[in-house]
Amino acid sequence: MKRWLQAPLQFPDGSLQARDQGTPQGSAASPCLANLFLHYAFDAWMARTWPSVPFERYVDDAVVHCVSRRQAERVRASIAERMAQVGLALHPTKTKIVYCRDTNRPDRHDQIAFDYLGYTFRARAAVNRRTGTEFSSFAPAISRDKLTEKSKEVRRWRLHRRIGDDLADLAERINPIVRGWMTYWGHFHRAHMYGLLQRINAYLMRWARKKYRRLRRTDRLQAWWDSLIARAPRLFAHWSWVTGTGMAFAGR
């Protein structure tokens, strides 16, 4: 690790510059050192100072669970003091106290949701598996920011312009990516991902319309799509969840 941090910076012309601070940009040393530092600066300190308060931390993002607003305010002030001791500071806008509202708790707080690791945690409709009755539960689902980010990524694929490829080529290209999204964000309330997956299908239909002139009529395109789903239901990873497009098609 010492050699890694002390390695000089090499410029395009081959010249070297000695490094006396910081970590190489984009290297694995940075998150490794951050985790080591915060293990002692935060994790071990929390275990000593607030042993009854559970928490999760991923690199520099943490969620701390308190039983009351009064305790949450005390813990936040204590953490802020601790971070100052080790040369860090809490983010002024991202650090907030959130009231985890569900059916059993009345709404009496202005912050009732938070994002963490690409999920949004908030009150959501749920069903009691034992009684079948509906209730409100505080639960996660893919965040709106992540849906927007992944939707833009789907657009950047330009699937509808890859008319030199066949369906197998397209599936080989996108299946590993989409399967990863489904595995991570589909674990909770996966229906929130359906619109994103339908967007992929919409691009595939646009691809078919551009590749095959006979499919430019909407009725023929839909018939081709239905036949494809019936013949090869596992061709694309997301078809195990969504086979529709959620969109209407007109024109070219």
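Caption draft 1: Structural view of the overall build of the protein. Of regular secondary structure, the protein possesses 7 helices and 7 strands. Along its sequence from the N terminus, the protein presents helices and strands in the succession α-β-β-α-β-β-α-β-β-β-α-α-α-α. The C-alpha radius of gyration computed for the protein amounts to 25 Å, which surpasses the reference 18 Å derived for 252 residues by more than 25%, pointing to a less compact arrangement than a globule. The dimensions of the protein, computed from C-alpha atoms along their principal axes, are 70 × 70 × 30 Å. Burial analysis of the protein (252 residues in total) assigns 32% to the buried set. By sequence separation, contacts in the protein at least 24 residues apart represent 52% of the contacts at least 6 residues apart.

Caption draft 2: Highlighting the environment of Ala230. Mapped onto the elements of the fold, Ala230 is located in helix H7 (residues 218-231). Taking relative accessible area as the criterion, Ala230 reaches 63% and is therefore assigned exposed. For the pair formed by Ala230 and Ala44, sequence separation is 186 residues and the distance between their alpha carbons is 55 Å.

Caption draft 3: Region of the structure containing the pattern of salt bridges. Counted under the stated rule, the structure contains 7 salt bridges. Its salt-bridge partner being Arg69, residue Glu73 comes within 3.3 Å of it at the nearest N-O pair. Here Arg69 and Glu73 lie together in helix H3 (residues 69-85), a separation of 4 residues that amounts to about one turn. Exposure remark for Glu73: the relative accessible area of 38% places this residue in the partly exposed category. For Arg69, a relative accessible area of 47% corresponds to the partly exposed category. Of the charged contacts, one joins Lys146 and Glu149 as a salt bridge, the two residues approaching to 3.3 Å between their closest N and O atoms.

Caption draft 4: Fine view of the layout of surface pockets. Estimated volume of the largest pocket: approximately 1,700 Å³. Residue lining of the largest pocket: 47 residues in total, with Ala62, Val63, Val64, Lys94 and Lys96 positioned closest to the centre. Looking at which element gives the most residues to the lining of the largest pocket, the answer is H3, with 6 residues. For the lining of the largest pocket, the class distribution of residues is 26 nonpolar, 8 polar and 13 charged. Lining of the second largest pocket is provided by Thr120, Arg122, Arg124, Ala141, Ile142, Ser143, Arg144, Leu147, Thr148 and His192. The residue makeup of the lining of the second largest pocket, split by class, is 3 nonpolar, 4 polar and 3 charged.

Caption draft 5: How the structure looks around the packing of aromatic side chains. If you walk through the whole model with that rule in mind, you get 12 aromatic pairs. Ring centres of Tyr119 and Tyr184 lie 5.5 Å apart, and the angle between their planes is 50°; on these two criteria the pair is classed as tilted. One end of the pair, Tyr119, is in strand S6 (residues 119-127); the other, Tyr184, is in helix H5 (residues 167-185), with 65 residues separating them in the sequence. In this structure Tyr184 comes out as partly exposed when scored by relative accessible area, which is 36%. One aromatic cluster is present, formed by Phe114, Tyr119, Phe121, Phe138, Tyr184, Trp185 and Phe188 through successive ring pairs. Taking NZ or CZ as reference, Arg214 lies 5.6 Å from the ring centre of Tyr212, over its face.

Caption draft 6: Structural context of the environment of Trp241. Structurally, Trp241 can be placed in the segment after H7. Between the C-alpha atoms of Trp241 and Gln85, which are 156 residues apart in sequence, the distance is 49 Å.

Caption draft 7: Local environment of the packing of H5 against helix H6 (residues 194-211). Where H5 contacts H6, the two axes come as close as 13 Å, and the packing angle between them is 170°. By the angle class used here, H5 and H6 are roughly antiparallel. For the pair H5 and H6, the contacting residues are Leu167, Leu170, Ile174, Val178 and Trp181 in the first and Leu196, Leu197, Ile200, Leu204 and Trp207 in the second. Across the contact of H5 with H6, the residue classes break down as 10 nonpolar, no polar and no charged.

Caption draft 8: Region of the structure containing the packing of helix H4 (residues 144-157) against H6. Between H4 and H6, whose axes approach to 10 Å, the crossing angle comes to 10°. Taken together, H4 and H6 sit at an angle that is classed as roughly parallel. Between H4 and H6, the residues in contact are Leu147, Lys150, Ser151, Val154, Arg155 and Trp157 and Leu196, Arg199, Ile200 and Tyr203, respectively. Here the residues of the contact of H4 with H6 are counted per class, giving 6 nonpolar, 1 polar and 3 charged.

About the thresholds
Residues numbered from 1 in each chain as written. Predicted model: local features only at pLDDT ≥ 70, side-chain atom pairs only at ≥ 80, totals over all residues. Heavy atoms only, no water. Helix = DSSP H or I, 4+ residues; strand = E, 2+ residues; numbered from the N terminus. Rg over C-alpha atoms; globule rule 2.2 N^0.38 Å. Buried < 20%, exposed > 50% of the residue type's maximum accessible area, 1.4 Å probe, protein only. Contact = heavy atoms within 4.5 Å. Salt bridge = Lys/Arg side-chain N within 4 Å of Asp/Glu carboxyl O. 1 Å grid on protein atoms, 1.4 Å probe; cavity = no way out; pocket = protein on both sides within 12 Å on 5 of 7 lines; lining within 4 Å. Points joined across faces, edges and corners; volume = space filled by probe spheres on them. Nonpolar A, V, L, I, M, F, W, Y, C, P; charged D, E, K, R; others polar. Phe/Tyr/Trp six-rings, centres within 6.5 Å; stacked < 30°, edge-to-face > 60°. Lys NZ or Arg CZ within 6 Å of the ring centre and 35° of its normal. Axes fitted to C-alpha atoms, helices over the stretch in contact; angles between N-to-C directions. Parallel < 35°, antiparallel > 145°, perpendicular 65-115°, else oblique.

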